[in-house]
Amino acid sequence: MAEFVVAMLWSAVEALLLFTGAKLVPVVSLGRWRSQRWGSDEARVFGAAGALSFRHEGKRVVTNNGLLFVGLLFYALLIPVVFAGWGLVSA
């Protein structure tokens, strides 16, 4: 039962990271890049194995693995900023 709960929690964290990455990529790149479409096999068809991004129809497309990294990087940078705002970390 514990393994099921851990798997469900990790799935929720992964979905949060993917959603965050999907929303950040177009904003940060000013619309020049886009995220991989949900439920599509674009990365499998057009990208190299293990690629974080690839070029398709003139736009850079960030794969799901790339979106995970973007989301993880966002939260890794957000945590120190929040703690510094609360005064818990001295600069």
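As a reminder, the structure under discussion sits directly above these lines.
All values derive from a computational prediction rather than experimental measurement. (Residues numbered from 1 in each chain as written. Predicted model: local features only at pLDDT ≥ 70, side-chain atom pairs only at ≥ 80, totals over all residues. Heavy atoms only, no water.)

Mapped onto the fold, Arg34 is located in strand S1 (residues 33-35). Each residue touching Arg34, except ones within four places of it in the same chain, is listed here: Val25, Glu42, His56, Lys59, Arg60, Val61 and Val62. (Helix = DSSP H or I, 4+ residues; strand = E, 2+ residues; numbered from the N terminus. Contact = heavy atoms within 4.5 Å.)

On a regular strand, each side chain points to the face opposite its neighbour's, so the side chains alternate between the two faces of the sheet. Only one face of strand S2 (residues 53-56) is buried: it carries Phe54 and His56, and the other face, with Ser53 and Arg55, is open. Of the strand pairs in this sheet, S2 and strand S3 (residues 59-62) are connected by 4 bridges, and their pairing is antiparallel. Bridging from a neighbouring strand, His56 pairs with Lys59 of S3. Between S2 and S3, which pair antiparallel in sequence order, lie 2 residues; one of them, Glu57, sits at a positive phi of approximately 55°. (Buried < 20%, exposed > 50% of the residue type's maximum accessible area, 1.4 Å probe, protein only. Pairing = 2+ DSSP bridges.)

Turning our eyes to something else, we now look at the pairing of S3. As defined by bridge partners, S1 adjoins S3 across 3 bridges and the pair is classed as parallel. Its bridge partner lying in S3, Arg34 is registered against Val61.

Take the packing of aromatic side chains next. Applying the stated criterion across every chain yields a total of 2 aromatic pairs. With a centroid separation of 5.1 Å and 75° between ring planes, the pair formed by Phe74 and Tyr75 is classed as edge-to-face. By relative accessible area, Phe74 is classed as partly exposed at 32%. With a relative accessible area of 25%, Tyr75 lands in the partly exposed category. A ring pair is formed by Phe83 and Trp86, whose centres lie 6.1 Å apart and whose planes are at 40°; its orientation type is tilted. Taken together, the residues span about one helical turn, with Phe83 and Trp86 both in helix H3 (residues 64-86) at a distance of 3 residues. (Phe/Tyr/Trp six-rings, centres within 6.5 Å; stacked < 30°, edge-to-face > 60°.)

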